[in-house]
Amino acid sequence: MSCPHATTTTIAWLYGEADEAHALHVADCAACTAVAEEHEQVMSVVVPVLPRGKAPELPEAPAWRSPTWWAAGVLLAASALLALRIGTAPVSVSVPEPTSTATTVAALEVEPASVWSGELEAELDDLDASIDALAADFGTL
Amino acid sequence: MDTEEPLQAVAKLDARIARHRAEVLGFLSRRAPVVAEELAQEVWLKVARAAPECSTDAKFRAYAFAVARRVLIDHHRRCRARVQLVPIAGGLETGRSSDDPHSSACAGQTLLAVEACLAKMPAPQAEVFRLRTTTELSFKEIAARQGVSLNTALGRMHTATRKLREALAAAGLTDSTPATRGRR
């Protein structure tokens, strides 16, 4: 005595969530009728004593869990990783093959600090100069 | 000829309803005596609207009883709103309008048995039962909340109901024998 509807459609039908036409199947199926009887029996005893409940509210997802924040976080993490990689990994600088000799140099390992330090120092010097100029302007005011 | 056929069908349905009217009313009276007439009207209205094509009278009878059971479940769930349980020192009591001490004690005993049984079940199973019987959430909504398929939620409801029936029968609160179909 088993029916695939006994634990699915018949349950939904008993609670008004399936097509009314399913009643015809229930009437004709011993397994589904037994399920209907079981539910009616339990509901008649249990439901009157159970306190009326309120559907628990789903906790509102915090702002940091929204897709935008996730995207921003991932982007930030990717940037940080990239920056870290640039700061620590050796930079490969390819050297053009010399025409005069037959020997070739595929790549020259150069410490990154030495590549960037010159530019950074130049920019820092420019900034110092700007600050000095601004300070002089304030002094005259 | 075209108009005769529907008329014959209506007359046939009418005759079948008349044949089983008393029986269905008796069934409903045993379960909900105060509103049995009202519920019987609801049952026949549903039957008349559906106008089921039942080849035999026995099938029609089974159909009418299936609809009656559904109407009863609806009724029990509607009744829930009229009863309020009030916790008191030494036990639980229902705030029924009758304030009958015996029915209050029975309700308290039933509630304790129900709660004990629900506590023993796996949490998702008990949750489906609670949400479907005490709130307005549909199975689809409950399934979405639990992150499972609709069939899983329906299966959980079925298992929870079966366990409750066994627990209530063990506590002597319902008939322990399997409900009979009453087919002729």
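Residues numbered from 1 in each chain as written. Chains lettered and ligands numbered in written order. Predicted model: local features only at pLDDT ≥ 70, side-chain atom pairs only at ≥ 80, totals over all residues. Heavy atoms only, no water.

### Some points on the overall build of chain B
Point 1. When you go through chain B residue by residue, the secondary structure sums to 7 helices and 2 strands.
Point 2. Listed N to C, the secondary structure of chain B is α-α-α-β-β-α-α-α-α in terms of helices and strands.
Point 3. In chain B, of all internal contacts separated by at least 6 residues, the share reaching a separation of at least 24 is 54%. (Helix = DSSP H or I, 4+ residues; strand = E, 2+ residues; numbered from the N terminus. Contact = heavy atoms within 4.5 Å.)

### Structural notes on the nonpolar core
All names here are of chain B.
Point 1. Counting 67 residues, the largest nonpolar core has Leu 28, Val 43, Trp 44 and Phe 129 as its most contacted members.
Point 2. At 11 residues, the largest contribution of residues to this core is made by helix α3 (residues 57-79).
Point 3. Residues in contact with Leu 28, not counting those within four places in the same chain, are Pro 33, Ala 36, Leu 39, Ala 40, Val 43, Ala 68 and Leu 72. (Core = buried A, V, L, I, M, F, W, Y, C linked by side-chain atoms within 4.5 Å. Buried < 20%, exposed > 50% of the residue type's maximum accessible area, 1.4 Å probe, protein only.)

### Regarding the confidence of the model for chain A
Point 1. Per-residue pLDDT for chain A averages 74, and the proportion of residues at 70 or more is 62%.
Point 2. Low confidence marks residues 101-108 of chain A, where pLDDT is under 50. Its contacts with residues over four positions away, or in another chain, come to 10 contacts. (pLDDT = per-residue confidence, 0-100.)

### Some remarks on α3(B)
Point 1. The terminal C-alpha atoms of α3(B), which comprises 23 residues, lie 32 Å apart, in line with the 33 Å expected from a rise of 1.5 Å per residue.
Point 2. Summarising burial for α3(B): 19 of the 23 residues are buried, a large majority. (Expected span 1.5 Å × (residues − 1).)

### Section: the state of the cysteines
Residues and elements named next belong to chain A.
Point 1. All told, the structure shown has 0 disulfides over all chains when counted by the stated rule.
Point 2. Free cysteine: Cys 3, not disulfide-bonded; nearest cysteine sulfur from Cys 32 at 3.7 Å.
Point 3. Taking relative accessible area as the criterion, Cys 3 reaches 13% and is therefore assigned buried. (Disulfide = S-S within 2.5 Å.)

### Considering the pattern of salt bridges
Residues and elements named next belong to chain B.
Point 1. With the rule as written, the count across this model stands at 14 salt bridges over all chains.
Point 2. Across the pair Arg 19 and Asp 57 runs a salt bridge whose closest N-O atoms are separated by 2.9 Å. Of this pair, Arg 19 sits in helix α1 (residues 4-31) while Asp 57 is found in helix α3, placing the two residues 38 residues apart along the sequence.
Point 3. The class for Asp 57 is partly exposed, based on a relative accessible area of 24%.
Point 4. With its nearest N and O atoms 2.5 Å apart, the salt bridge here joins Arg 61 to Glu 23. (Salt bridge = Lys/Arg side-chain N within 4 Å of Asp/Glu carboxyl O.)

### A word on the packing of aromatic side chains
Point 1. All told, the structure shown has 2 aromatic pairs over all chains when counted by the stated rule.
Point 2. Measuring from centroid to centroid gives 5.5 Å for Tyr15(A) and Phe139(B), while their planes differ by 90°, and the two rings are edge-to-face. With Tyr15(A) in the loop between α1 (9-14) and α2 (22-28) and Phe139(B) in helix α6 (residues 139-146), this pair bridges two chains.
Point 3. With relative accessibility at 0%, the residue Phe139(B) sits in the buried group.
Point 4. Between the aromatic rings of Phe27(B) and Phe65(B), the centroid separation amounts to 5.2 Å while the plane-to-plane angle is 75°, which identifies the pairing as edge-to-face. With Phe27(B) in helix α1 and Phe65(B) in helix α3, the pair connects residues that are 38 residues apart, well separated along the chain. In terms of burial, Phe27(B) and Phe65(B) fall into one category: buried. (Phe/Tyr/Trp six-rings, centres within 6.5 Å; stacked < 30°, edge-to-face > 60°.)

### Here we look at the interface of chain B and chain A
Accessible area lost upon the coming together of the parts is a frequently used measure of interface size.
Point 1. If you look at the interface, chain B gives 55 residues, while chain A gives 42 residues.
Point 2. Carbon and sulfur atoms supply 66% of the area buried between chain B and chain A, which totals about 4,500 Å² over both sides.
Point 3. One salt bridge connects Glu20(A) with Arg70(B), and the closest N-O pair in it is separated by 2.7 Å.
Point 4. Looking at the side of chain B that touches chain A, the elements with two or more residues in it are α1, α3, α4 (101-120), α5 (123-134), α6 and α7 (150-170) of chain B.
Point 5. When residues in the side of chain B that touches chain A are grouped by element, the largest group, 11 residues, is from α3(B).
Point 6. Here the side of chain B that touches chain A is built from residues that sort into 25 nonpolar, 12 polar and 18 charged. (Buried area = accessible area lost by both parts, 1.4 Å probe. Nonpolar A, V, L, I, M, F, W, Y, C, P; charged D, E, K, R; others polar.)

### Notes on the packing of α1(B) against α3(B)
Residue and element names in this part refer to chain B.
Point 1. In the contact formed by α1 and α3, the axes pass within 10 Å of each other and the chain directions differ by 40°. Taken as axis vectors, α1 and α3 run oblique relative to one another. The two elements α1 and α3 cross, and the hand of that crossing is right-handed. Along its contact with α1, which presents Leu 13, Arg 16, Ile 17, Arg 19, His 20, Glu 23, Val 24, Phe 27, Leu 28 and Arg 31, the element α3 presents Asp 57, Phe 60, Arg 61, Ala 64, Phe 65, Ala 68, Arg 69 and Leu 72.
Point 2. Of the residues assigned to the contact of α1 with α3, the class counts are 10 nonpolar, 1 polar and 7 charged. (Axes fitted to C-alpha atoms, helices over the stretch in contact; angles between N-to-C directions. Parallel < 35°, antiparallel > 145°, perpendicular 65-115°, else oblique. Left-handed = near helix turned anticlockwise from the far one by under 90°.)

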